[in-house]
Amino acid sequence: MSDLTSARQTARLLEDAVRTVVRGQDAALRNILASLAAGGHVLVEDVPGTGKTTLAKAIARAVDGAGFKRVQFTPDLLPGDILGVSIFDPRTQEFRFRPGPVFADILLADEINRASPRTQSALLEAMAERQATIDGERHDLNGLFFVIATQNPVEFRGTYPLPEAQMDRFMVQSRLGYVTPEEERAILADQIDTHPVDRLDPVINRNDLVNLLETTRTVRISDELRGYIVDIVSATRGRDDVQLAASPRASIALMKMAQALSLFEGREFVVPETIQTVAADVIAHRMVIAPEAKLSGVTGRQVVADILEEVPVPV
């Protein structure tokens, strides 16, 4: 079995398993799993009760041997509560490092915008550099370090908006949204006896997931499509309705997401439609819309949609 065939099988098993728990969110779920395969992080912005926490738990339960930690962000949360602290051991007369929840394969940062900027910035280094500096000593994080952060977009009391630099660290920003009444009835039926996430058995192991991440980088993307990605991201610059445009990091993220999503779609190469599918999730949250445009109702996703209409698609 080739590496690509094995990786596609891993992706399919993982996606099918999580779908048994998270119903009616197929598109968002695939994009979130693709960001995991691409080595990125996800910001899920939605109202309470739409399954954000359940999604993170389901992904962790489906992977045998994957370490999962959850941190409920609050205003009094300190950087040490996330990164870890050095504790003096009176028996050895030495300081012993106690790692925090950031040393996990999958980290759920619940309601990340409730923590202070100081605590948010502590997570920023871990997300960007896959390392944590505690008491001047560097600690490398796990190779599978994957952050799913959530925030409530309709509640602003006691919150600290994420700065642009930290928003840019998330490969995608996704929304789950409400499900249809039929799907909601199925959710009720699933939870009559126990929660479906408690019944979820692992379908892949940690090595399978590592191989998936490595194989994703081998999905072919042509020079023309790399140029298409650059054209899309470059089109966010110099617009009257955009105050802060997307950086080259957005181009890199869009390329990696297109590769991962192509693998989930069962292909060994990227096509323009895949880039278009994920462009808004990758680019929109990285831009700052001009105040006058925002007052007129312009959103980042609308700007991306307009750009996709304007930029020529490679033949």
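Below is a summary of the structure that appears in this document. Because the structure is predicted, anything quoted here is derived from the model rather than measured. (Residues numbered from 1 in each chain as written. Predicted model: local features only at pLDDT ≥ 70, side-chain atom pairs only at ≥ 80, totals over all residues. Heavy atoms only, no water.)

**Points about the sheet that holds strand β1 (residues 42-45)**
- Sheet architecture is open: five strands sit in the order β3-β6-β9-β1-β10, paired in parallel fashion. Whereas interior strands pair on both sides, the edge strands pair on one side only; in this sheet they are β3 (68-72) and β10 (172-174). Averaged over neighbouring strand pairs, the angle between their axes works out to 20° when direction is ignored.
- As paired strands, β1 and β10 are joined by three bridges and run parallel to one another. Note that in β10 the partner of Leu-43 across the bridge is Gln-173. (Pairing = 2+ DSSP bridges. Helix = DSSP H or I, 4+ residues; strand = E, 2+ residues; numbered from the N terminus. Axes fitted to C-alpha atoms, helices over the stretch in contact; angles between N-to-C directions.)

**Notes on the pairing of β1**
- Both faces of β1 are covered, namely the face carrying Val-42 and Val-44 and the face carrying Leu-43 and Glu-45.
- Both β1 and strand β9 (residues 146-151) contribute to a ladder of four bridges, which runs parallel. Bridge pairing in β9 places Glu-45 opposite Gln-151. (Buried < 20%, exposed > 50% of the residue type's maximum accessible area, 1.4 Å probe, protein only.)

**Some details on helix α8 (residues 206-216)**
- By the burial criterion, the buried members of α8 are Leu-209, Leu-212, Leu-213, Thr-215 and Thr-216.
- Those residues of α8 hidden inside the fold are in contact with α1 (3-19), α2 (26-37), β2 (63-64), β11 (204-205) and α10 (248-264).
- The opening residue of α8 is Asn-205, an N-cap whose side-chain oxygen sits 3.0 Å from the backbone nitrogen of Asn-207. (Contact = heavy atoms within 4.5 Å. Polar contact = N/O pair within 3.5 Å; in protein donor to acceptor, adjacent residues only side chain to side chain.)

**Some points on the pairing of β9**
- Counting buried residues along β9, six of its six residues qualify, which places the element largely inside the surrounding structure.
- Where burial is concerned, the two faces of β9 agree: the one with Phe-146, Ile-148 and Thr-150 and the one with Val-147, Ala-149 and Gln-151 are both buried.
- Inspection of the sheet shows strand β6 (residues 106-110) paired to β9 by four bridges, in the parallel sense. Within the sheet, the bridge partner assigned to Leu-108 lies in β9 and is Ile-148.

**Re the environment of Gln-243**
- By the secondary structure assignment, Gln-243 is in strand β12 (residues 242-244).
- Under the relative-accessibility criterion, Gln-243 is labelled exposed at 55%.
- Taking the C-alpha atoms as reference points, Gln-243 and Pro-291, separated by 48 residues in sequence, lie 8.0 Å from one another.
- Among residues more than four places away in sequence, those in contact with Gln-243 are Val-288, Ile-289, Ala-290 and Pro-291.

**Notes on unusual backbone geometry**
- In this model, Glu-111 sits at a positive phi of 55°, which is unusual for a non-glycine residue.
- Along the chain, Glu-111 falls in the loop between β6 and α5 (117-129).
- Although it is not a glycine, Arg-130 sits at a positive phi angle of roughly 55°.
- In this structure, Arg-130 sits in the loop between α5 and β7 (131-134).

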